[in-house]
Amino acid sequence: PVLITKKMVESMKPGSVIVDLAAEAGGNCETTVPGKVVDHKGVKCVGYTDLPSRLATQSSTLFSNNVTKFLMSAGPFST
């Protein structure tokens with residue numbers, strides 16, 4: 001079902017971002033185009049159909065960066 005109409009999108013501030021997790025099934029936003037990022041009057045609508053597979057890499061990178069920063073903050077290392 002459409003939950004976010006074009007009128008709602010147009011009332012958003014420029015620079016706003018909508019991530020439509022239902023893009024693969026047609027989307028919950030009227031401006032969604034499956035598989036693409038659409039800019040509608042300054043509001044971006046992300047309609048990726050492979051979002052779960054994109055997130056795994058980013059999650060792993062984020063976790064490894066956090067662990068590295070934590071270990072580096074533990075103090076100086078000597079050999």
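As the structure is a prediction and not an experimental result, all values here were calculated from the model. (Residues numbered from 1 in each chain as written. Predicted model: local features only at pLDDT ≥ 70, side-chain atom pairs only at ≥ 80, totals over all residues. Heavy atoms only, no water.)

Describing the environment of Cys29
For step 1, the next point in the chain: Looking at the element boundaries, Cys29 is found in the loop between strand S1 (17-19) and strand S2 (37-40).
For step 2, the next point in the chain: Its relative accessible area of 3% is what places Cys29 among the buried residues.
For step 3, the next point in the chain: Each C-alpha atom, one on Cys29 and one on Met8, is 9.4 Å from the other, the two residues being 21 residues apart in sequence.
For step 4, the next point in the chain: Dropping the residues within four chain positions of it, Cys29 is found in contact with Ile4, Val9, Ile18, Asp20 and Cys45. (Helix = DSSP H or I, 4+ residues; strand = E, 2+ residues; numbered from the N terminus. Buried < 20%, exposed > 50% of the residue type's maximum accessible area, 1.4 Å probe, protein only. Contact = heavy atoms within 4.5 Å.)

Notes on the nonpolar core
For step 1, the next point in the chain: Judged by nonpolar contacts, Val9, Ile18, Cys29, Val43 and Cys45 together constitute the single largest core of five residues.
For step 2, the next point in the chain: Sequence-distant contacts of Ile18, defined by excluding residues within four places in its chain, comprise Ile4, Val9, Met12, Cys29, Val43, Lys44, Cys45 and Val46. (Core = buried A, V, L, I, M, F, W, Y, C linked by side-chain atoms within 4.5 Å.)

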